[in-house]
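# Chain and residue survey
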Amino acid sequence: MNTASTTQPPAPLGPPPLRTPVQASLHRILAVARRHWLVLKRSPHRFFDVLVWPLVDTLLYGSIGLFAAQAAEAAGGTPDATATVTVYLLSGTVLWHLVHQTQISLATGFLEETWSRNILGLLATPMRDWEYLAGVGLFALVRTAASTLAVAVLAFAAYAFDVTTLGLGLVPVAALLLACGWSVALLVVGLVLRYGSGAEALVWGALSVVMPLSGVFYPVSTLPAALRPIAEVLPTTHVFAVGRELAAGEGIPWKELAIATGGTVVLIVLSLFALSRMLRTFRRRGLVTRYS
């Protein structure tokens, strides 16, 4: 007698394994970064800030530098002295976009949440503040890398300026500029949380004040005497001073680099302290209703 074989139903699937706290944090950070990448990908006009504007700056300052160098040489200047003008302008342009794109990318990443009225949704999730900042910062780093690479390639192709000639000193300079950009962005984010959309102008205006005082394209000794003490306090001033020394073919000015590092650390601490205070006020006073 044949016995019909019975098919056993598949065992029910259990719940997926829980993530460890570290895995959960990493998942949330990557989710935030991916969210902002999708916003950029689906809005092609946003690439204007990432690629078009930096390339326009490179053409503008590179051409000004080349014209100034040619005019100085025609007036009897030595070739080395006239070439310094172009090198200063191009190296300043490439380095400036490190701090500028970092600050803009991080600050506008947060503004995306206010424009889409998503602040309340973020507060309702288990995501911590630092995880959100890390996710936006990761996206900002990728965006900054793309923008700076485009600037460096154009500077080399159009003006034969190779940023790698700055040598290994470029590594600490780039790291300090990234840190300065993040610090300014954190401060701006805190001000937007505290004072509302009226403070959004600081996203684009804050670095416009810092730029002329930092000696991006020139030594701060050329500034009016009343502004020089203010310029000396800014860590970006000392970072760009190191960049100019490297662009001129000198060695790393260790004293200037140490001052820049110390000033950047102080700026980071002050920015985090200010942001934490403003976040506390934001939650205590229920200011989230501005964005809901």
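Before reading further, recall that the structure is shown in the block above.
Sequence order sets the numbering: in each chain, residues are counted from 1 along the sequence as written. Local features are withheld for residues below a pLDDT of 70 in this predicted model, meaning they are given only at 70 or higher, and side-chain atom pairs are given and counted only at 80 or more; totals for whole chains, interfaces and linings count all residues. Excluding hydrogens and water, the side-chain figures rest on all heavy atoms present in the structure.

### Some remarks on the pattern of salt bridges
Filter applied, for reference: Salt bridge criterion: a side-chain nitrogen from Lys or Arg within 4 Å of a carboxyl oxygen from Asp or Glu. Secondary structure elements follow DSSP: runs of H or I of four or more residues count as helices, runs of E of two or more count as strands, with numbering from the N terminus. Whether a residue is buried, partly exposed or exposed follows from its accessible area with a 1.4 Å probe, protein chains only, as a fraction of its type maximum: under 20%, in between, or over 50%, in that order.
On inspection of all chains with the given rule, the structure shows 5 salt bridges. With a shortest N-O distance of 2.3 Å, arginine 46 and glutamate 112 are connected by a salt bridge. On the criterion of sequence distance, the pair formed by arginine 46 in the loop between α1 (21–41) and α2 (47–74) and glutamate 112 in helix α3 (residues 79–115) is long-range, its members being 66 residues apart. For arginine 46, a relative accessible area of 25% gives the class partly exposed. A salt bridge links arginine 283 to aspartate 129; the shortest N-O distance between them is 2.8 Å.

### Here's the deal with the packing of α1 against helix α5 (residues 129–159)
Defined as follows: Note on geometry: axes are lines fitted to C-alpha atoms, helical ones only across the stretch in contact, with angles between N-to-C directions running from 0 to 180 degrees. Relative orientations are named as follows: roughly parallel for angles under 35 degrees, roughly antiparallel for angles over 145 degrees, roughly perpendicular for angles from 65 to 115 degrees, and oblique for any other angle. Each helix crossing is assigned a hand: it is left-handed if the near helix lies turned anticlockwise from the far helix by less than a right angle, otherwise right-handed if that turn is clockwise. By definition, residues are in contact when any of their heavy atoms lie within 4.5 Å. Nonpolar residues are Ala, Val, Leu, Ile, Met, Phe, Trp, Tyr, Cys and Pro. Charged residues are Asp, Glu, Lys and Arg, and all others, Gly as well, are polar.
One can describe the packing of α1 onto α5 by two numbers: an axis separation of 8 Å at closest approach and a directional angle of 45°. With respect to α5, the element α1 is oriented oblique. Seen along the crossing, α1 lies across α5 with a hand that is right-handed. Taken together, the residues of α5 that come into contact with α1 (itself represented by Ser25, Arg28, Ile29, Leu30, Val32, Ala33, His36, Trp37 and Leu40) are Trp130, Glu131, Tyr132, Ala134, Gly135, Val136, Leu138 and Phe139. For the contact of α1 with α5, a count of residues per class yields 12 nonpolar, 3 polar and 2 charged.

### Some details on the side chain of glutamine 103
Within the fold, glutamine 103 resides in helix α3. Sequence-distant contacts of glutamine 103, defined by excluding residues within four places in its chain, comprise Gly181, Val184, Ala185, Val188, Leu202, Val203 and Leu207.

### Points about the packing of helix α6 (residues 170–195) against helix α7 (residues 201–213)
Two elements in contact, α6 and α7, have axes whose closest approach is 10 Å; the angle formed by their N-to-C orientations is 140°. For α6 against α7, the interelement crossing comes out right-handed. Counting all contacts with α6, which are made through Val184, Val188 and Leu191, the residues of α7 involved are Leu202, Val203, Ala206 and Leu207. In the contact of α6 with α7, the residues fall into 7 nonpolar, no polar and no charged.

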